[in-house]
Amino acid sequence: MLSTTSAQRVSTAFRVDLWTRVLVLLLFVYVIYAASQIGFSWERFVSGLDNGARFLKRMFPPDLSKMDILWKGISESLQIAVLASVAGILISLPLGLMGARNLMPAWLSWTARTLIAICRSLHPVIMAILFVKAVGFGALAGTLALVVASIGFIGKLFADAIEEISEKQVEAIRATGAPFPNLVLFGVLPQVLSRFIGFSTYQLDSNLRNSTMVGIVGAGGIGGPLFSAFQRFDYSFVFTILVTIIMIIVVGELLANYVKKVFYV
Amino acid sequence: MSDAILAHPDGLLQQRIWQRHTTAQRLVRFAIWLVIALAIVQSLRTIEVIPEFLYDAPEQMGDMLQRMWPIDWPYYAVGVHAALVETMHIATLGTLLAIVLGIPFGLLVAGNLTRNKALNFIARVVLVSSRSVNSLVWALLFVAVFGPGAVAGTLAIAFRSIGFVGKLVGEAIEEMPRGPIEALQAAGASKASEIRYGYWPQLKPAFWSIVLLRWDINVRESAVLGIVGAGGIGMALDTSLNLFQWGRVAVVLIAIFAIVIVIEVVVTQVRRRVL
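Residues numbered from 1 in each chain as written. Chains lettered and ligands numbered in written order. Predicted model: local features only at pLDDT ≥ 70, side-chain atom pairs only at ≥ 80, totals over all residues.

Student: It is not clear to me how the overall build of chain B should be interpreted in this structure. Could you clarify?
Tutor: Check the secondary structure of chain B and you find 12 helices and 0 strands. Helices and strands appear in chain B in the N-to-C order α-α-α-α-α-α-α-α-α-α-α-α. Relative to the compact-globule value of 19 Å for 275 residues, chain B shows a C-alpha radius of gyration of 27 Å, a clear excess of over 25%. With the C-alpha coordinates aligned to their principal axes, the bounding extent of chain B is approximately 85 × 70 × 40 Å. Considering chain B as a whole, with its 275 residues, one finds that 38% of them fall into the buried category. Counting only contacts in chain B whose residues sit at least 6 apart along the sequence, the fraction spanning at least 24 positions is 71%. (Helix = DSSP H or I, 4+ residues; strand = E, 2+ residues; numbered from the N terminus. Rg over C-alpha atoms; globule rule 2.2 N^0.38 Å. Buried ≥ 20, exposed ≤ 12 C-beta atoms within 10 Å, placed from the backbone. Contact = placed C-beta atoms within 7 Å.)

And the structure:
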C-alpha cells in the first residue's frame, strides 16, 4: 500500500500533461506533412550521399594556385567589415540614445525605434541586393548593407540597455543642475558603456561573417569568388576559400573575446 | 583639488594619485585603439569605391522605387504564397532537426555532465565548425549535394543551427545548480534518469527560449537561401530580380517583411505566455 502511494507521487511530479502530449503529436504530424511537402524522401537522401562523397573527393587537394584572387576577396571582406562596424557603431550611439523611452520624449523615441526596427527587418543579404541596385556592384553596396544591419542590432540593444539603467545616478547628476548633455555624459553613458562595447564587438564579429556572404549578390568581398567557384564546379578552390573564411572567423571571435575582456575590467 | 595635490612640494603626496588602470592595462587599451585606428585608415585608403556611383545613389534609389511602384499584387497568389509557405517549412523543419541533432552535442559539450575531456573537445569542435559556416554557405554545399530545392535549404538551416542550439544548451547545463542532480546521484539514479529528472526540468525554460530565438532567426535566414537555389521565397526574389520585374520584387519584399513581423509578434506572445 505504502509503495503504491509513493509511486503515484513520483509519477504526478513528472507527469507529462495532456497539452504537451497533444502538442508533440501535432508537431509529429506536421513534420511528416512538411517533409513530404518539400520533397524529402529516402531515395533522394541516399543518392545525395553518393553526390556528397564525390563532392568531398573533388574538394581535395585544395587549390592553392589562385592566392591573389583569394587575398583580394578576403581583404575586401575585411575592409567591408571594419568600415561597416565603425559607421554602424557611430550611427547607433546617438540613435540608440534617442530610442530610450526613459530619457527622450515619446515622439522622438518612437521615431528612432521605428527606424531601428526597419533596419533590423530585412536580412543583410537582401539589403545588399537593394544597395547593389542603388550604388552599383562592389564593396560600397556591401558596406552600406552591413551598416544598416549594424544599426538594427546595436541600436536596439543599446536603447534597451539605456532603459534598464539605474535612475539614482541620473538624478544625482540632475540635482547638481547639469545640462542635458552632461547628464548623458556622466549619468547615463558610464552605466551602459561596457555593454555597448560588448554589443559592438559582437556586431564586428557578425559583420565579419556577413561580409564574406554579401559577395554572393555582387556586393563585394570573398563571397563573389566563392559563388563563382561553386558555379564553375571548381570545388577545390571552394575548399580553400571556405577554410580561409573559417579561420578568419575563429580568429575574429577570439580577438573579439579578448577585446571584450580588456574593456570590461 | 588635484591641482593642489600636484603642486604640493611634498613628494609623498604625489604618489597617492589614484589611477583606475595599471600601466599594462593602459598599454593594452592603447594598443587596441591603435589597431582599430590603423584598420580604419587602411580600409578607407584601399577600399575600391567609385565616387560617381555614390553621388548617383539617391537618383538610383528613386529609380528603383519608381520601377517598383505599380506593385504587382496579383503575383502574390501566383508565385509568392507557395514559396512563403515553403520558407516557413524550411525554417520550422530545420529548427526541429537542429534540436534533434544539436542536443546530444550540447549534452556532450557540458563539462559537468560529460566528464570526459576528449568527448567535450570533439563536441566543441563540431559546434564551432557548425557556427562558423554561414547558412548561405551550408546551402551552397547542400545544393551541390542534394540538388536545388527546399531539402538543401532545410539541411542548411539545420546544420547552421546545431552549433547555436548545442552551444547555448551546453552553457545552460554548465550554469545549473548542482543540488537536484547530486540528490539523484545519491539515490543511485542512472545517467538517463539523471538527465530526465535532474537536468531537463532545470533546462526547460532556457531550452524553449533558445528554440524560439533560433526559430525567429531561421525564418529570416531561410528567406534568403533561395538566392543560391535552396528553395523558399528567396527563389521568387531571385527570379524577379534577374528578370528586372521590380513590381514583383516589391511584392516579395513586402511578403518577407510581413512574415518577419508576424513571427516576431508570435514569438514575443509565446514568450510572454509560456516562459
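Student: Looking at this model, I keep getting lost on the overall build of chain A. Mind explaining?
Tutor: A count of helices and strands for chain A gives 11 helices and 0 strands. For chain A, the succession of helices and strands along the chain, N to C, is α-α-α-α-α-α-α-α-α-α-α. Projected onto its principal axes, the C-alpha coordinates of chain A cover approximately 80 × 75 × 35 Å. Looking at chain A as a whole, 42% of its 265 residues are labelled buried. In chain A, the share of contacts with a sequence separation of at least 24, taken over all contacts with a separation of at least 6, comes to 73%.

Student: Please clarify how unusual backbone geometry should be interpreted in this entry.
Tutor: The bulk of non-glycine residues show a negative phi, and the bulk of peptide bonds are trans. Cis peptide bonds are those with omega within 30 degrees of zero, and the linkage from phenylalanine 60 of chain A to proline 61 of chain A qualifies with -10 degrees. For phenylalanine 233 of chain A, which is not a glycine, the phi torsion comes out positive at approximately 60 degrees. By the secondary structure assignment, phenylalanine 233 of chain A is in the loop between helix 10 (223-231) and helix 11 (235-264). On the basis of neighbour counts, which here come to 11 C-beta atoms within 10 Å, the residue phenylalanine 233 of chain A falls in the exposed class. Residues other than glycine seldom take positive phi values, yet phenylalanine 244 of chain B does so here, at roughly 55 degrees. Considering the arrangement of structural elements, one finds phenylalanine 244 of chain B in the loop between helix 11 (233-242) and helix 12 (246-274).

Student: Sorry, what's going on with the interface of chain B and chain A here?
Tutor: Accessible area lost when the parts come together is the quantity often used to give the size of an interface. At the interface, 52 residues of chain B touch 43 residues of chain A. Elements represented by at least two residues in the side of chain B that touches chain A include exactly helix 3 (23-46), helix 4 (51-68), helix 5 (74-109), helix 6 (117-132), helix 7 (135-146), helix 8 (150-174), helix 10 (191-222) and helix 12 of chain B. The greatest single-element share of the side of chain B that touches chain A, amounting to 9 residues, is contributed by helix 3 of chain B. Looking at the side of chain B that touches chain A residue by residue, the class counts come to 35 nonpolar, 12 polar and 5 charged. (Nonpolar A, V, L, I, M, F, W, Y, C, P; charged D, E, K, R; others polar.)

Student: Where do I start with the packing of helix 7 (residues 139-163) of chain A against helix 9 (residues 180-211) of chain A in this structure?
Tutor: Helices that pack against each other are described as a pair by the angle of their axes relative to one another and the distance between those axes. Residue and element names in this part refer to chain A. Orientation of helix 7 relative to helix 9, taken along the N-to-C sense of each, is 150 degrees, at an axis distance of 9 Å. If you check the angle between helix 7 and helix 9, you find them roughly antiparallel. Crossing of helix 7 against helix 9: the hand is right-handed. Taking contact as the criterion, the partners of Gly142, Leu146, Ala149, Ser150, Phe153, Ile154, Leu157, Phe158, Ala161 and Ile162 in helix 7 are, on helix 9, Val188, Val192, Arg195, Phe196, Phe199, Ser200, Gln203, Asn207, Asn210 and Ser211. (Axes fitted to C-alpha atoms, helices over the stretch in contact; angles between N-to-C directions. Parallel < 35°, antiparallel > 145°, perpendicular 65-115°, else oblique. Left-handed = near helix turned anticlockwise from the far one by under 90°.)

Student: Please clarify how helix 5 (residues 106-121) of chain A should be interpreted in this entry.
Tutor: Since the α-helix advances by 3.6 residues per turn, residues separated by three or four positions end up pointing in the same direction. All names here are of chain A. Helix length check: helix 5 (16 residues) gives 22 Å between terminal C-alpha atoms against 22 Å at 1.5 Å per residue, within 8%. For helix 5, the complete set of buried residues consists of Ala112, Arg113, Ile116 and Cys119. Viewed along the axis of helix 5, the buried residues span an arc of 115 degrees, placing them on a single side of the element. The outward face of helix 5, more than 90 degrees from its buried face, is lined by the exposed residues Ala106, Trp107 and Thr114. (Expected span 1.5 Å × (residues − 1). Arc of directions from axis to C-beta.)

Student: Which parts of the structure should I look at to understand the domain arrangement of chain B?
Tutor: Entries for chain B in the domain assignment read domain 1 (2-46) and domain 2 (72-274). The distance between the C-alpha centroids of domain 1 of chain B and domain 2 of chain B comes to 45 Å. (Domains from an automatic or database assignment.)

Student: How should I be thinking about the domain arrangement of chain A in this particular structure?
Tutor: Here chain A is described as being made up of domain 1 (2-59) and domain 2 (67-264). The gap between the C-alpha centroids of domain 1 of chain A and domain 2 of chain A is 37 Å.

Student: Explanation requested: the environment of glycine 223 of chain A in the structure shown.
Tutor: Residue and element names in this part refer to chain A. Mapped onto the fold, glycine 223 is located in helix 10. C-alpha of glycine 223 to C-alpha of glycine 73: the two residues are 150 residues apart in sequence and 7.6 Å apart in space. Residues within four places of glycine 223 in sequence aside, it is in contact with Thr212, Met213, Val214, Gly215 and Ile216.

Student: Any chance you could explain the nonpolar core here in plain terms?
Tutor: Proteins that are soluble and globular tend to have nonpolar side chains buried together. With 139 residues, the main nonpolar core has Val125, Ala128, Phe131 and Ala145 of chain A together with Ala139 and Phe142 of chain B as its most contacted residues. Examining the composition of this core, we find that 17 residues originate from one element, helix 7 of chain A, more than from any other. Setting aside anything within four residues of it in sequence, one finds phenylalanine 142 of chain B in contact with Ala152, Leu155, Ala156 and Ala230 of chain B. (Core = buried A, V, L, I, M, F, W, Y, C linked by C-beta atoms within 7 Å.)

Student: What am I meant to see in the packing of helix 8 of chain B against helix 10 of chain B here?
Tutor: Residue and element names in this part refer to chain B. Viewed as axis vectors pointing N to C, helix 8 and helix 10 meet at an angle of 150 degrees, and their least axial separation amounts to 10 Å. Taken together, helix 8 and helix 10 sit at an angle that is classed as roughly antiparallel. Where helix 8 crosses over helix 10, the handedness of that crossing is right-handed. Together, Gly153, Ile157, Ser161, Phe164, Val165, Leu168, Val169, Ala172 and Ile173 of helix 8 and Tyr199, Leu203, Ala206, Phe207, Ile210, Arg214, Asn218, Glu221 and Ser222 of helix 10 make up the contact between the two elements. Partitioned by chemical class, the residues of the contact of helix 8 with helix 10 number 12 nonpolar, 4 polar and 2 charged.

Student: What is the right way to look at the environment of isoleucine 227 of chain B in this model?
Tutor: If you trace the backbone, isoleucine 227 of chain B turns up in the loop between helix 10 and helix 11. Other than its neighbours up to four places away in sequence, isoleucine 227 of chain B contacts Val125, Ile216 and Val217 of chain A together with Gly234 and Asp238 of chain B.

Student: Would you take a moment to explain the environment of valine 85 of chain B for this structure?
Tutor: Inspection of the secondary structure puts valine 85 of chain B in helix 5. Along the chain, valine 85 of chain B and glycine 232 of chain B lie 147 residues apart, while their C-alpha atoms are 7.7 Å from each other.

Student: How should I be thinking about the confidence of the model for chain B in this particular structure?
Tutor: Low-pLDDT portions of the prediction should not be read for the details of their coordinates. Residues and elements named next belong to chain B. Mean pLDDT over chain B works out to 86, with 94% of the residues at or above the 70 mark. Averaged over each element, pLDDT in chain B is lowest for helix 1 (residues 2-7) (50) and highest for helix 8 (92). Overall fold confidence (pTM) sits at 0.82, and the ipTM for the predicted complex is 0.80. (pLDDT = per-residue confidence, 0-100.)

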